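Structural characterization, general
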Amino acid sequence: MALITPAVKGTKDILPSRSGAVRFLETLLLELAAGFGFKEIRTPVFEYTELFTRGVGETTDVVTKEMYTFDDKGGRSLTLKPEGTAGAVRAFLEHGLFNETLPQKVSYVTSCYRYEKPQAGRYREFNQFGVECLGAAAPAADAEMISLAQSVFDFLGVSRIRLELNSIGCPSCRKQYTAALLAYFGSKTSELCSSCGERLGKNPMRILDCKSPVCSAVALQAPVMLDYLCGECREHFEGVRRYLEAMDIAYTVNPRIVRGLDYYTRTVFEFVSGEIGAQGTVCGGGRYDGLVEELGGPSMPSLGFAMGLERLMLVLDKQNIRLPSPGGCAVYIASVGGEASLKAAQTAYSLRAQGIAAEFDLAGRSLKAQMKYAGKIGAAYTAVIGEEELKTGSAALKRMADGFEIPVALGDFAQKLSLLLADDALSGAAQAVAAFGPGQGDPRVIFKAFSGEETH
Ligand code: ATP
Ligand code: MG
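Take a positive patch on the surface next. A surface patch of like charges, here positive, comprises Arg365, Lys368, Lys372 and Lys376. Inspection of the secondary structure assignment puts Lys372 in helix α13 (residues 367–376).

Below, the discussion takes up the packing of aromatic side chains. Here the structure, examined in full by the defined rule, presents nine aromatic pairs. Between Phe269 and Phe305, the aromatic rings sit 6.4 Å apart at their centres with planes inclined by 75°, giving edge-to-face as the arrangement. Linking Phe269 in strand β9 (residues 265–273) with Phe305 in strand β11 (residues 302–308), this pair joins segments that are 36 residues apart in sequence. There is no split in this pair, since Phe269 and Phe305 are both buried. By way of ring pairs, the aromatic residues Phe129, Phe153, Phe269, Phe271 and Phe305 are connected into one cluster. Stacked on the ring of Tyr123, the Lys or Arg Lys12 has its end atom at 4.6 Å from the ring centre.

Quick look at the sheet that holds strand β1 (residues 39–40) now. Spatially, eight strands are ordered β1-β5-β6-β11-β10-β9-β7-β8 in an open sheet, and the strand pairing comes out mixed. Two strands bound the open sheet, and with one partner strand each, they are β1 and β8 (252–253). Running over the sheet, helix α11 (residues 309–318) touches β5 (104–113), β6 (125–134), β9, β10 (281–287) and β11 and is turned about 55° from β11.

Tracing the backbone shows Cys210 in the loop between α7 (194–202) and α8 (213–219). For Cys210, a relative accessible area of 11% corresponds to the buried category. Taking the C-alpha atoms as reference, Cys210 lies 58 Å from Ser418; in sequence the two are 208 residues apart. Setting aside chain neighbours within four positions, we find Cys210 in contact with Cys193, Cys196, Arg199, Cys215 and Ser216.

We now examine the site of ligand 1. Around ligand 1 sit 17 residues in total, of which Arg114, Glu116, Arg122, Tyr123 and Arg259 are the nearest. Contact distances for ligand 1 include 3.1 Å between an oxygen atom and a backbone N or O atom of Val282. Between ligand 1 and Arg311, the relevant distance is 3.0 Å, taken from an oxygen atom to a side-chain nitrogen or oxygen of the residue. Coverage of ligand 1 by the protein chains reaches 94% of its 580 Å² of free accessible surface. Mapped onto the shell around ligand 1, the elements with two or more residues apiece are β6, β10 and β11. Element by element, the count of residues in the shell around ligand 1 is highest for β10, at four residues. Considering only residue class, the shell around ligand 1 consists of five nonpolar, six polar and six charged.

Moving on, we come to a nonpolar patch on the surface. Together, Val45, Phe46 and Phe70 line one region of the surface with nonpolar side chains, adding up to about 260 Å² of accessible area. Along the polypeptide, Val45 turns up in the loop between β1 and β2 (46–48).

Along any regular strand, the residues point their side chains to alternate faces of the sheet. Where burial is concerned, most of strand β7 (residues 161–167) is hidden: six out of the seven residues are buried. Pairing analysis gives seven bridges linking β7 to β9, with the strands arranged antiparallel. Looking across to β9, one finds that Ile161 is bridged to Ser273. Looking at chain direction, β7 and β8 are connected through two bridges and run parallel. Across the sheet, residue Glu164 finds its bridge partner in β8, namely Thr252.

Let us now look at the pattern of salt bridges. Inspection of every chain in the model, using the stated rule, returns 20 salt bridges. Here Glu94 ties to Arg90 by a salt bridge, and the two come within 2.9 Å at their closest N and O atoms. Taken as a pair, Glu94 and Arg90 lie in helix α4 (residues 85–94) at a separation of four residues, close to a single helical turn. The exposure class of Glu94 is exposed, given its relative accessible area of 56%. A salt bridge links Glu275 to Arg160; the shortest N-O distance between them is 3.0 Å. Residue Glu275 is located in the loop between β9 and β10, and its partner Arg160 is located in the loop between α5 (139–156) and β7; the two are separated by 115 residues in the primary sequence. Overall, the relative accessible area of 23% leaves Glu275 in the partly exposed class.

With that out of the way, let us pick up the packing of α5 against helix α9 (residues 231–246). Look at α5 against α9: their axes get within 8 Å of each other, and the N-to-C directions meet at 45°. As summarised for this structure, α5 and α9 are arranged oblique, according to the angle between their axes. Every pair of crossing elements has a handedness; the one defined by α5 and α9 is right-handed. Between α5, through Pro139, Ala140, Asp142, Ala143 and Ile146, and α9, the contact on the second element is made entirely by His236, Gly239, Val240, Tyr243 and Leu244. By residue class, the composition of the contact of α5 with α9 is seven nonpolar, two polar and one charged.

What follows is about helix α6 (residues 171–186). Counted at 1.5 Å a residue, the expected span for α6 with its 16 residues is 22 Å, and the 21 Å between its end C-alpha atoms agrees. Looking at the buried positions of α6, the neighbouring elements they touch are α7, α8, α9 and β9.

Attention shifts here to the domain arrangement of the protein chain. As far as domains go, the protein chain holds domain 1 (16–170 + 230–318) and domain 2 (331–447). For domain 1 versus domain 2, the distance between C-alpha centres works out to 44 Å.

What follows covers unusual backbone geometry. Across the junction of Leu102 and Pro103, the peptide omega takes the value 0°, indicating a cis bond. Tracing the backbone shows Pro103 in the loop between α4 and β5. Positive phi outside glycine occurs at Arg160, with the angle close to 50°. The class for Arg160 is exposed, based on a relative accessible area of 56%.

How each quantity is defined
- Residues numbered from 1 in each chain as written.
- Chains lettered and ligands numbered in written order.
- Predicted model: local features only at pLDDT ≥ 70, side-chain atom pairs only at ≥ 80, totals over all residues.
- Heavy atoms only, no water.
- Patch = residues over 30% accessible without salt bridge, like charges linked within 9 Å, V, L, I, M, F, W, Y side chains within 5 Å.
- Areas by Shrake-Rupley, 256 points an atom, 1.4 Å probe, with all protein chains shown as cover.
- Salt bridge = Lys/Arg side-chain N within 4 Å of Asp/Glu carboxyl O.
- Lys, Arg positive; Asp, Glu negative; His and termini not counted.
- Charge placed at Lys NZ, Arg CZ, Asp CG, Glu CD.
- Helix = DSSP H or I, 4+ residues; strand = E, 2+ residues; numbered from the N terminus.
- Phe/Tyr/Trp six-rings, centres within 6.5 Å; stacked < 30°, edge-to-face > 60°.
- Buried < 20%, exposed > 50% of the residue type's maximum accessible area, 1.4 Å probe, protein only.
- Lys NZ or Arg CZ within 6 Å of the ring centre and 35° of its normal.
- Pairing = 2+ DSSP bridges.
- Contact = heavy atoms within 4.5 Å.
- Axes fitted to C-alpha atoms, helices over the stretch in contact; angles between N-to-C directions.
- Near = heavy atom within 4 Å.
- Polar contact = N/O pair within 3.5 Å; in protein donor to acceptor, adjacent residues only side chain to side chain.
- Nonpolar A, V, L, I, M, F, W, Y, C, P; charged D, E, K, R; others polar.
- Parallel < 35°, antiparallel > 145°, perpendicular 65-115°, else oblique.
- Left-handed = near helix turned anticlockwise from the far one by under 90°.
- Expected span 1.5 Å × (residues − 1).
- Domains from an automatic or database assignment.

Structure below.
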């Protein structure tokens, strides 16, 4: 085979063997968020570049190095979304949602694009589950946000993931801190990488987020924001901690977390796994009290987080947590001869219309080869239509797991199969397909309904 081109570096295909688990996960996340009052928002994959330069921050790595920016045929500068917050806030402002009851809570699962060095847990196209809570100033909102991320891990049965918490203050207390950082790093310029040399003049806090081991080592001794918090920021941070303690959510304070986006204020947090290599941050978020205003809206304290789905899946794999997958073939209708093939097609079509996943021969194969195919696709039941069955209008339904057989009139297949499937493990998958779709219920039900079939 001479493939003309492989997939673009840093992108991945999700093959059918895994897509069911991925879809399950995405639905589960949105459903869990719905239980916390977050409703899904969908925004475009690309936006005007300015939204991200303003929203994410001119001095961030994302904006200076990682964006997929291009001019469209009309000469407008567009950028593929590197993260979900800026687009969600833009939509919130553009549609006047700030005039509605506040806070407004939105959730999304979206692909993101960053020109980064591909490695385990770091891709150029990746997916984020994110939530934003707009118009909520109280520490309770920060704690609720964190508790949603925590409940994702709890629900999936993920252990050994630590919550790290910090406060990076507000623009007013940060002034003094920035001066302290300038003094500290200014005395160490010869040890810093060339990018950090530039960061020093523009935004010294960014040095704390530098991935170079040398700069990280220098940063270890740097002053920490927690020592510079103003009274209000300190009170807010203490409030968040009190709520977390009331909810019994374990955390450690890590004064070195600053996060990679410029818009954060006060609370920042990460959920970190030690099991998936160097890119251990599965979820990152915090408060961004200045962003809505920065993007042209009213002053509106807000916050959010984003969870990398690929990194979450890496953790699930490492911890051997299997996600259920919907689907599976309920019945394979084999046939012998042209007329029987027509009957098989008609029967399968009618079964499918009644919600039963049916398959029949599409390759003109022998009966033996058809049965082999039915085995390979994991059909729960099979039936063979031949001359005899055409004459009697009835065929034997055979359960593949144990060879149990029962003659059934072709017209009664749907009814009989429904009853049989309801008794079998596969009934779970069938119900799950019916239950599938955001807003259709408790994730626990979906999880249980799926649990008949496991692939991951
Ligand atoms: P990192 O420090 O790993 O570069 P970040 O600070 O750039 O992360 P955010 O912008 O806060 O990350 O994104 C939130 C989450 O999205 C991250 O915690 C991670 O799980 C995921 N993520 C970010 N960049 C990538 C990427 N290139 N590939 C896969 N997942 C990513
Ligand atoms: Mg990054």
